[in-house]
Structures are given as C-alpha cells and as structure tokens.
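Here are the chains, one letter per residue:
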Amino acid sequence: AQSVTQLDSQVPVFEEAPVELRCNYSSSVSVYLFWYVQYPNQGLQLLLKYLSGSTLVKGINGFEAEFNKSQTSFHLRKPSVHISDTAEYFCAVTLPEYGNKLVFGAGTILRVKS
Amino acid sequence: DAGVIQSPRHEVTEMGQEVTLRCKPISGHDYLFWYRQTMMRGLELLIYFNNNVPIDDSGMPEDRFSAKMPNASFSTLKIQPSEPRDSAVYFCASSLKVADRAYEQYFGPGTRLTVT
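Report on the accompanying structure. Bear in mind the structure is a predicted one, so any value in this text is a computation, not a measurement.

### Focus on the layout of surface pockets
Reported here for the largest pocket is a volume of approximately 1,200 Å³. Every residue lining the largest pocket is counted, 45 residues in all, and those nearest its centre are A:Phe90, B:Gln37, B:Thr38, B:Gly42 and B:Leu43. Listed by contribution, the elements that provide at least two residues to the lining of the largest pocket are β10 (87-94), β11 (103-104) and β12 (108-113) of chain A together with β4 (31-38), β5 (42-50), β9 (88-99) and β11 (111-115) of chain B. Here the element with the most residues in the lining of the largest pocket is β5(B); it accounts for four residues. Residues that form the lining of the largest pocket fall into these classes: 21 nonpolar, 16 polar and eight charged.

Written as structure tokens, this is what we have:
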C-alpha cells in the first residue's frame with residue numbers, strides 16, 4: 001500500500017487564483033510531514049515542514065499547509081498564485097517503519113496560466 | 001554554505017561504459033542520500049549513508065550500481081556497465097536532524113545522465 005498519496009497529478013490554475021494541492025498519508029502513528037518544490041531542471045527545495053505544534057504551517061513563497069490528523073492529510077495551499085509558482089510539488093513523510101528515510105508522493109505538477 | 005554540490009551536471013555516455021557521479025554534502029550533515037528520478041518511476045531512493053556507513057541500499061537496482069562514502073565530505077555513485085535504461089536525473093541529498101526521527105533533506109542540483 002502506498003504511504004503517501006498525492007491525489008492530483010496535474011493542477012492547472014489561472015494566475016492570482018487560489019490553489020490547493022492534496023496529500024494524504026497512511027499511518028496510525030505520529031509522522032513528520034514535508035512539502036518540497038522542484039522547479040524545471042532543478043533539485044528539490046523544502047517549502048515547509050510539520051514536526052509538532054500548530055497544525056497550520058507557513059512556508060516560503062506564501063505557501064501554507066494544514067496537518068489534519070483525523071483525515072491523515074497535509075494539503076498545501078496558496079491564496080494567490082503567480083506564474084513563477086509553476087513547478088512540481090512533492091509531499092513527503094517520515095514514518096517509523098521507514099527509519100530516517102523520506103517517503104515521497106508521486107508529485108503534483110502545478111501549471112499557472114496567465 | 002554552498003549547498004549540496006554534484007558533478008558533473010550532465011553526462012552523456014555510451015552503453016557499457018563506466019559512469020561515476022559525485023556528491024559533496026553540506027558540512028556538518030551526517031546523512032547522505034542518493035535518488036534517481038525518471039518520468040516513469042518518479043523519485044526513487046537508491047541508498048543512504050549515516051556517518052559514512054551505508055544504512056539501506058535496498059533501492060539499488062542491481063549489482064551494476066555501487067555507492068561509496070569514503071569520508072564525510074564526499075560520496076560517489078558508480079554504474080558499471082551503464083545501460084540506456086539508466087538514463088535519469090540522479091540527485092544527492094544531505095540531511096540535518098530537526099527532531100526525533102525527522103531529517104530535513106537538502107538536495108543538490110542533480111546530474112542528468114544519458115546513456116546511448
């Protein structure tokens with residue numbers, strides 16, 4: 001069974017519109033959650049992380065994510081996107097059964113149109 | 001800090017040749033990861049090291065692949081002999097412990113390998 005599921009492979013959106021990229025994980029124990037962004041021809045860059053505390057996490061470039069333990073979700077949101085946000089976004093978790101590894105979702109390509 | 005450094009950035013080689021990819025992690029990080037990214041299979045973890053010791057190599061595709069970390073500031077991923085299906089972008093990442101079991105990984109720019 002897949003540990004991290006990103007429900008949308010591609011999300012097209014117009015510039016200045018809000019966006020939500022969905023991520024669900026399968027674990028009954030505590031997890032640590034991350035969102036990474038990959039711009040074309042570049043490596044992955046950390047957007048934000050949830051370790052503990054407030055379930056609403058703010059990251060770079062105006063992105064935020066909310067940890068929902070009951071729904072095992074960690075959806076990424078931005079209230080108003082820019083053309084420069086066009087990239088692939090990866091959700092990742094660390095799970096006890098996987099030691100110190102990050103388990104990545106399949107990625108969601110965000111396409112911002114003008 | 002300069003971040004994770006990978007070389008070369010691009011490599012084109014012929015089938016059967018040996019390929020060596022190099023990585024310099026961020027100073028002070030004690031974990032190093034090698035990933036492979038393709039359109040078909042996405043991002044795959046190949047192997048990772050802790051304090052220069054390989055911890056999990058279950059993602060290494062086959063015996064043609066090998067990785068070493070002779071010291072804290074250098075690691076190599078070698079493919080011998082290379083095959084066209086090895087064509088991919090190979091990423092190195094190093095990590096810093098931010099909480100119990102939580103390691104924030106920093107990725108290098110990747111090496112784009114093309115095997116013809």
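### Describing the pattern of salt bridges
All names here are of chain B. Scanning the model with the defined rule gives 14 salt bridges over all chains in all. We note a salt bridge from Glu 18 to Lys 78, for which the minimum N-O separation is 3.9 Å. Placement of the pair is Glu 18 in the loop between β2 (10-13) and β3 (19-24) and Lys 78 in strand β8 (residues 74-79), with a sequence separation of 60 residues. What makes Glu 18 partly exposed here is its relative accessible area of 46%. Lys 78 sits in the partly exposed class, given a relative accessible area of 30%.

### Some points on the sheet that holds strand β7 (residues 65-71) of chain B
All names here are of chain B. Pairing in this open sheet of four strands is antiparallel, and the strands run β1-β3-β8-β7 from one edge to the other. Sheet topology places β1 (5-7) and β7 at the edges, where each strand pairs with a single neighbour. Sheet twist, expressed as the mean angle between neighbouring strand axes with direction ignored, is 15°. As paired strands, β7 and β8 are joined by five bridges and run antiparallel to one another. The residue bridging Ser 66 from the neighbouring strand is Lys 78, located in β8.

### Quick look at the nonpolar core
One finds A:Leu33, A:Trp35, A:Leu47, A:Leu48, A:Phe74, A:Leu76 and A:Tyr89 to be the most contacted residues of the largest nonpolar core, which totals 29 residues. Contributing elements (two or more residues each) for this core: β2 (10-14), β3 (19-21), β5 (32-38), β6 (44-50), β8 (64-68), β9 (73-78), β10 and β12 of chain A. The greatest single-element share of this core, amounting to four residues, is contributed by β10(A). In contact with A:Leu47, not counting residues within four places along its chain, are A:Trp35, A:Tyr36, A:Val37, A:Gly59, A:Ile60, A:Phe63, A:Leu76 and A:Tyr89. Residues B:Met69, B:Leu77, B:Leu113 and B:Val115 belong to the second largest nonpolar core, which totals 21 residues.

Cut-offs applied
Residues numbered from 1 in each chain as written. Chains lettered and ligands numbered in written order. Predicted model: local features only at pLDDT ≥ 70, side-chain atom pairs only at ≥ 80, totals over all residues. Heavy atoms only, no water. 1 Å grid on protein atoms, 1.4 Å probe; cavity = no way out; pocket = protein on both sides within 12 Å on 5 of 7 lines; lining within 4 Å. Points joined across faces, edges and corners; volume = space filled by probe spheres on them. Helix = DSSP H or I, 4+ residues; strand = E, 2+ residues; numbered from the N terminus. Nonpolar A, V, L, I, M, F, W, Y, C, P; charged D, E, K, R; others polar. Salt bridge = Lys/Arg side-chain N within 4 Å of Asp/Glu carboxyl O. Buried < 20%, exposed > 50% of the residue type's maximum accessible area, 1.4 Å probe, protein only. Pairing = 2+ DSSP bridges. Axes fitted to C-alpha atoms, helices over the stretch in contact; angles between N-to-C directions. Core = buried A, V, L, I, M, F, W, Y, C linked by side-chain atoms within 4.5 Å. Contact = heavy atoms within 4.5 Å.

On their own, these measurements won't tell you what the molecule is for.
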